[in-house]
Every structure is written in structure tokens, then in C-alpha cells.
Amino acid sequence: MKIRVTSTSNLISFLKKLKVVDKSVLLELTEDKLFSKVHTPDKSVMKYTGISNDQIFDSLTDFASLKCDRIKIGLMDVTKMMDCFKHFRTEEDVFIDISTSTVEGECVATELQIISASLKIKLRCADLSLLSYVEDKILGIVHSKEDALSKFKIYNSDFSSLISLCGMDSNPEELLVFRVTGDSVKVTGDSFDYKLNIGKSDITSEDSVDSSIYKSHLNYVDAESCFCYIHENRIVFFSDQTDTSTAVGVIEK
């Protein structure tokens, strides 16, 4: 299946969101969107990100002929795919030609050819047995909004401030504590205590909640305006700007 890339910048931005968690990724392409579910080796962080095909590709007119709901595309090093696009001339149309085969009833990519009128780059796809796959049902459970202890909003400016504050110290074991009450949310580290610039209307919490994550795990979350759902064993960040959500495991103190 040959697809014309309409925005390499949007595609690369999407792939960068995954690379932050793991360079080995399993992409899933449907007729409507490209998405992936990745996690850290210890599964303490699970991230989902997707992008509508109309933001990166021309219409996938040949998709129905595959007679499957999705194509699974395994990449051992997503950086290689990202780097391909810098070799193409800006004035040329760039296409991705996906070779597929059927494996145990699933449509699996075997090779990607990224091509233009003057250049062709081949990328062999990874054997899916070498990659960890998160089932849709598991993602739905981990990234659930139901039964949350509290919910609040983080705006871009607050997120940027938190990232800067976390950069003051380099201790990877340092904890970041989210303290939620009915009218405020404070985030504290070893060397700072920061109150988010939000009002009561941005907070839903019946009781006061303290929830801790490793400070370093905040780096897996995109610095975007988002809604945070605190559960007993995780905090889930749902971006308000892109189709991205990240679950971070809570640390028992």
C-alpha cells in the first residue's frame, strides 16, 4: 500500500512522543489514524499517542482492500524512520510504500519503502515477537478515567514551570508529590513546593489526596495542557491538545 506523506513534520512529532518512552515501537495503522501504545521496560509508565491520518497522509483509498482493521508495523529503532525524512528534497512528494503479509490472521508490515522521485530508502520491519504489544483492552483499563480519586487540570504554563523546577536537582529517585484538596493542587519535590495556577472549577476531589511518582517519570509526559486523573496506583495524564495519554505508576512511600 502506497501512501503520500502530506506533513513530515507532524509525522516526526508523533514519532518523537513514542521515542521518549522506548525506541522500539509497534505502530498501528487504521483507515482513520496512526497510533501506538508503548511502555517502559518495568511497565511503570504506559503511553498512548495517536494522530489522525488527515494530519499526515493523503486518503488511504486502498486500505479496504487489505480486509483488516489495522496494519501492525514493528520498528526496532524508531529513530531510523525519523531520520529518513531529512534526506529528501523539500520540493518532492514523499511516499511510504508498506509491504504486508498475513500472520495468524493479522495484517503485519514486513518492509517500509520511503520514496520520492529521486530517492528510495528501505526499512525492514521488526518481527512482532520481539516487541511488547499492549492489547486495546489493557490500555482501556490502565488509562481509565473511571473510579479516579481526584481530577484536576494542568495548563501549559504550569507544566513548563514544573519541568524547570524538576531540573534543579538530578536525583532520579526523588519523588514528586501531588497534593490535591478541594480548592488547590500543590506539587512538591525535595527542593520546591509549587501551587498550580488553577481554581476550584479545575479540581474534582471529594477528599484530600497525596500521590507520589518518581520525578524522572514526568519526562515521559508531554508538556501540554492536560487533565490529570489520580487513581490509587497510578496518575493518568490526558493531553488536552493532542490524542495522547500517559499513565505513571504511583510510588508507595
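This text follows the structure it describes.
All figures in this text were calculated on a predicted structure; none of them were measured in a lab.

Undergrad: Got a minute to help me understand the packing of aromatic side chains in this structure?
TA: Centre distance and the angle of the planes are the two values used to describe a pair of aromatic rings. Scanning the model with the defined rule gives 4 aromatic pairs in all. Considering the side-chain rings of Phe178 and Phe237, the 6.3 Å spacing of their centres and the 65° angle between planes classify their relative orientation as edge-to-face. Taken together, the residues span a long stretch of sequence, with Phe178 in strand 10 (residues 175-180) and Phe237 in strand 16 (residues 234-239) at a distance of 59 residues. Exposure remark for Phe178: the relative accessible area of 1% places this residue in the buried category. Judged by relative accessible area, which is 2%, Phe237 ranks as buried.

Undergrad: Where do I start with the nonpolar core in this structure?
TA: Across soluble globular proteins, nonpolar side chains show a tendency to be buried alongside one another. Among the nonpolar cores identified, the biggest contains 37 residues, and Leu11, Leu27, Leu29, Ile73, Met81 and Ile96 are the most heavily contacted of them. Discounting chain neighbours no more than four positions away, the residues touching Ile96 are Met1, Lys2, Ile3, Val5, Leu11, Phe57, Met81, Phe85, Leu112, Gln113 and Ile114. Counting residues in hydrophobic clusters, the runner-up holds 27 residues, among them Val45, Ile154, Val209 and Val221.

Cut-offs and rules
Residues numbered from 1 in each chain as written. Predicted model: local features only at pLDDT ≥ 70, side-chain atom pairs only at ≥ 80, totals over all residues. Heavy atoms only, no water. Phe/Tyr/Trp six-rings, centres within 6.5 Å; stacked < 30°, edge-to-face > 60°. Helix = DSSP H or I, 4+ residues; strand = E, 2+ residues; numbered from the N terminus. Buried < 20%, exposed > 50% of the residue type's maximum accessible area, 1.4 Å probe, protein only. Core = buried A, V, L, I, M, F, W, Y, C linked by side-chain atoms within 4.5 Å. Contact = heavy atoms within 4.5 Å.

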